[in-house]
Amino acid sequence: MWSGSWVEDRLGVGLEGDAPLRDLLGLALRRNPKRAHLLVSHVLGKHVPVAPSTVHGSGAGLGRRVRALLGDADAARAVVLGYAETATGLGHAVADGLGLAPYLHSTRRPVPGVTPVGGFEEEHSHATSHLLLPEDPALLSGDGPLILVDDEFSTGRTVLNTITALHARFPRERYVIVALVDMRGPADRARLTDFAAELGARVDVLALASGTVRLPAGVLERGRALVAEHEPADAAPAPRGDGARQRERGPQRVELGWPAGVPDGGRHGFTPAHRSRLEAALPEMAARIAEALPRGARRVLVLGNEELMYAPLRLACALEEALGGPAEKGGRADRVRESCGGDGGDLASGSPDYAPGVPDDSRAPEAGRDGHDGGCPEAGRGSLASGSAATTPDFPGAGRGDRAGGHAGIAPGVPEGSRHAGGCVGTTRDGLASGPAEAGRNGHDSGRLGTGRGDRASGPAADAADVPGAPGAGRRHSVDVRFSTTTRSPVLAVDDPGYAIRTRIGFPAHDDPADGPGPRYAYNVAGAGFDAVVAVVDSHGDTPELHAPGGLLDALAPHTGHVLLAVVPSHTPEAAPAMPEPLRGPAFSSYAPEDVGWLLQDLSGVTLEAPTEEREEAIQSGGAHYAESLPVEYQPGAEYQALFRAALDASASRMARAVGVVTETVLAERSPRPVLVSLARAGTPVGVLMRRWARHAYGLDLPHYAVSIVRGRGIDRTALRWLAAHHDPADVVFVDGWTGKGAITRELADALAGSEGFDPRLAVLADPGHCVETYGTRDDFLIPSACLNSTVSGLISRTVLRSDLVGPHDFHGAKFYRELAGGDVSRDLIEAVAARFPDAREQVARDAKDMAAADRTPTWEGWAAVERISEEFGIHDVNLVKPGVGETTRVLLRRVPWKILARRGAGADLGHVRLLAAQRGVPVEEVDGLPYSCVGLIHPRYTRGATGADGTAVAAP
């Protein structure tokens, strides 16, 4: 038994914990000034060659438990994060078991052109700095659960460092920490509980076993002395007899046919779609490896490379499926399973003829036939620890020895544990792959491919005897497939049955590491009797140093009869074009530069204007989208300008009150430091005023940007990416001037449905349509900024989206009408309203308090009224009915109006509407019971082929 007796006898270091702990771990010593001992896992595949189905099954079983804990809805919103280098494959296997979430692992390899979105320190490690390099920076920006996966949860400091770094930028309500073993002491458990309480988030912990490491006084100094004493004898055993021939002929390269576009791992992110494509390609890649194996090979190692654990593991798993060895009983795996309530069923983990002098890892846990999840030992009593909120009390296996990953613990839609041992590809009777980790229909355990017709394997990598050139062609025998990886961790090797690391092969790094060249190691490979070693590296590591004398391939050659090299193409993210910076005044707009940053591109030099009637006909005939051109800017005469001044003076106090109420509501309910993002251009004056109120009332200097949204085409995606890269999306509050029937409210919700982290709830100054819950008032009153076009909105045009002007990485466009500066009143409106802020503060406080207690659930009564008007007047298209003062004004300024409906007795609020209507010869009809002050109707001559919800023509009625 090599669970640690050698270390325990000499240093007094020991493992104490529940029953599965000693079957999961061994002990070794390493050269590390921070921690002398090393916990060596029997199921990780890092330092000890293990059956690949055991490695993947252990992680996948934990993933299924996480899914059962979260439920499918939260599992689909989650992100799984693994730790480099040891847990990159484990974390990926957990993501496989979870099934619905993307995966990312930290890395110590900087990648040119990829900007880190975060980093953290692993304090006890020999190499501490971790980088997070997702190809999509928005991967971590959501608010769904974050699943953090490591091989051991020792003190919790690494996890605390990670959560602290990420929560500051991407706060979320829930974290789940997953590990093979939970080795925290009482103080560490209390620290996590306090940390979670301070964070205001729930933190759950899932592990296969729990316990502690007994560390006597002075263990670091004594450990260093013991390492120094035994290092002179720390050498690889004598080479095999056929090693010289292998060194002469060199490695044989295997062309895998890796599927294009599938990443080599999770360094830059790995999605469920990537998983599906990889699963489909694995059998054929395994068949290519099998064809290259020497005849008669009975023992094969697939050797990964440092952080590159998952791709080699999945290849090894598929190879094991094709060439699976015989089941074995009575070893360590049975003891682990029995301690978890298992039946001791057949295993698929290797052969009884394990090489003498090599640790007995051949009995690592495997899946049984009768429902045991992934063959993974489950935690016994007390193994599930939690942070601020305890692990779900009724979660299967919590607080007792019941298994949590078999039938009882599987979330709906997750394959039962009895059908697979952790994700190796299986087939149905038709020989078709049945998905990750799924075996045949007749319950064959997942250590090999099953067809449901006995024990014969099927698929592209069939029984060894059926593979051309495969071992044993012409006669049947099984092949013991193992998996492990190289590592940078310097561990003492001692050839003693009670010690975990029996042999060590050293070689120089071959992947141009950022921290410079240094030694690398492969443990328990020399002397293990492997007839072939399949070294799997990524193309970044396929360097001259790999093939040089003394390099990895040369170092392996003396210890095996055959070295194969399989190269997985390194995934290099496409460098996205640098996003432009926001435009600001006075170069773009007449607002002060601090008032608003425009996430737009300047199209001032492009002729985009067209006469109103010509433009209307093109839009409604289906010849153009309304966002592809601009109306000719209306130039108000002296009478209209006087009306605007009078309206501004009359409504400034009312407007100040509404600005204060909506800003107070946002600060109280959405974020204490919101990022205001106005919908250009009607929302921009309101955003500027909200920013001014926050500064006036609280001294806050809130960021404010303006973005484009286009009916039928959504919001500017490049602008969203810019916002996500510079701010927490959860703090973004979208702002508009007013609601009509709610078309833009719906457009925003639809546009943000796939944008993780952004809140689609719109904040508006006035909500006469009753279609939002964050507003300053629901009265339909005259908002002076609705009276004019660019001259009240910073001299900026309506936004433009045209394919020949706006590329996939460009902001939408707009024009800056510098030539209209003489008539600009943009700052006049801002200053006039802001001047009323002091007088409005008491009333705003009362209104905000009343609003907080009110039922503000949207009723969409405005939309219902528009539908009624559309039918009553024979228009039959809600997009030609524009309700409210603001929308009616737009009809008169930009479109071809038919008539104006005015609520009887509306009075002075409609003075400018009546003037514009008279100038254009449009009748104004007084109407009783109108829910808005007025409604503008676009001319019905264009009903035939009129604009639909997407802004283009619809079929004629």
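What you see is a predicted model; the values in this text were computed from it and never measured.

The next subject is the overall build of the chain. In terms of helices and strands, the chain carries 24 helices and 33 strands. Evaluated residue by residue, the chain yields a buried proportion of 63% over its 957 residues. Within the chain, counting contacts between residues at least 6 apart in sequence, those at least 24 apart form 76% of the total. Summing over all exposed atoms, the chain offers an accessible surface of approximately 33,200 Å²; the carbon and sulfur share of this is 51%.

Further remarks concern unusual backbone geometry. At the junction of alanine 84 and glutamate 85, the peptide bond is cis and its omega measures out at -5° in the coordinates. Among the secondary structure elements, glutamate 85 is positioned in the loop between strand S4 (79-82) and helix H5 (88-98). Residue proline 586 follows glycine 585 across a cis peptide bond; omega there is 5°. Position of proline 586 among the secondary structure elements: in the loop between strand S17 (563-568) and strand S18 (597-598).

The buried fraction of strand S31 (residues 897-903) is high, at 5 of 7 residues. Across 5 bridges, the pairing between S31 and strand S33 (residues 934-938) is antiparallel. Note on S33: the bridge partner recorded for proline 897 is isoleucine 938. Pairing of S31 with strand S32 (residues 924-927), which is carried by 4 bridges, proceeds in the parallel orientation. Note on S32: the bridge partner recorded for isoleucine 900 is valine 924.

What the rule picks out here adds up to 9 aromatic pairs. Aromatic side chains tyrosine 705 and tryptophan 722 sit 5.1 Å apart centroid to centroid with 65° between the ring planes, which places their arrangement in the edge-to-face category. Separated by 17 residues along the polypeptide, tyrosine 705 in strand S23 (residues 704-707) and tryptophan 722 in helix H18 (residues 717-726) bring together distant segments of the chain. Overall, tyrosine 705 belongs to the buried group, its relative accessible area being 6%. Here the aromatic cluster, defined as three or more aromatic residues joined through ring pairs, consists of Phe588, Tyr591, Trp598 and Phe816. Over the face of the ring belonging to tryptophan 860 we find arginine 746, whose NZ or CZ atom lies 4.4 Å from the ring centre. It is lysine 899 that lies over the ring of tryptophan 898; its NZ or CZ is 4.3 Å from the centre.

Think of a sheet as strands paired side by side through backbone hydrogen bonds, with each pair either parallel or antiparallel. As summarised here, the arrangement of the 4 strands in space is S30-S33-S31-S32, forming an open sheet in which the pairing is mixed. Edge strands, defined here as strands with exactly one partner in the open sheet, are strand S30 (881-883) and S32. The sheet shows a mean angle of 20° between the axes of neighbouring strands, direction not considered. In this fold helix H23 (residues 884-894) packs onto S30, S31 and S33, with an angle of close to 30° to the strand it touches most, S33. Here helix H24 (residues 911-920) sits on the sheet and contacts S31 and S32; the angle it forms with S31, its principal contact strand, is near 150°.

Orientation of helix H6 (residues 157-167) relative to helix H7 (residues 186-199), taken along the N-to-C sense of each, is 5°, at an axis distance of 11 Å. By the angle class used here, H6 and H7 are roughly parallel. When H6 is examined against H7, the residues Arg157, Leu160, Ile163, Thr164 and His167 are found in contact with a partner set consisting of Arg191, Leu192, Phe195 and Leu199. Of the residues that constitute the contact of H6 with H7, the class distribution is 5 nonpolar, 2 polar and 2 charged.

A word on the confidence of the model for the chain. Reading fine detail from the predicted coordinates is not recommended where pLDDT is low. For the chain, mean pLDDT is 78; residues scoring 70 or higher make up 76% of the total. In this model, residues 943-957 is a region of pLDDT below 50 whose contacts with residues beyond four sequence positions or in other chains number 49 contacts.

Another point: the side chain of threonine 88. With respect to the helices and strands, the residue threonine 88 is situated in helix H5. On the basis of relative accessible area, threonine 88 is assigned to the buried category, the value being 1%. Contact partners of threonine 88, with chain neighbours within four places excluded, come to Tyr83, Tyr103, His105, Ser106, Glu307 and Met309.

The rules behind the values
- In this numbering scheme, every chain counts its residues from 1 along its sequence in written order.
- The model is predicted, so local features are restricted to residues of pLDDT at least 70 and side-chain atom pairs to those at 80 or more, both for listing and for counting; the totals for chains, interfaces and linings are taken over all residues.
- Calculation of side-chain values draws on the structure's entire complement of heavy atoms; hydrogens and water are dropped beforehand.
- Numbered from the N terminus, helices here are DSSP runs of H or I no shorter than four residues, and strands are runs of E no shorter than two.
- Exposed residues in this analysis have more than 50% of their type's maximum accessible area, buried residues have under 20%, and partly exposed residues fall in between, with area computed by a 1.4 Å probe over protein chains only.
- Residue contacts are counted whenever heavy atoms from the two residues lie within 4.5 Å of one another.
- Where accessible areas are quoted, they stem from the Shrake-Rupley method and a 1.4 Å probe; at the residue level, only the protein chains shown are allowed to cover.
- Pairing between two strands is assigned when DSSP locates at least 2 bridges connecting them.
- The pairing test for Phe, Tyr and Trp rings, Trp by its six-membered ring, is centres within 6.5 Å, and the orientation test on the planes gives stacked under 30 degrees, edge-to-face over 60, and tilted for anything in between.
- Distance and angle both matter: a charge sits over a ring if NZ of Lys or CZ of Arg is within 6 Å of the ring centre and within 35 degrees of the ring normal.
- Angular values range over 0 to 180 degrees, each being the angle between N-to-C directions of two axes fitted as lines to C-alpha atoms, with helices fitted over their stretch in contact.
- Oblique is the label for every angle not falling under 35 degrees (roughly parallel), over 145 degrees (roughly antiparallel), or within 65 to 115 degrees (roughly perpendicular).
- Residue type decides the class: Asp, Glu, Lys and Arg count as charged, Ala, Val, Leu, Ile, Met, Phe, Trp, Tyr, Cys and Pro as nonpolar, and the leftover types, Gly among them, as polar.
- pLDDT measures the predictor's confidence residue by residue and takes values from 0 up to 100.

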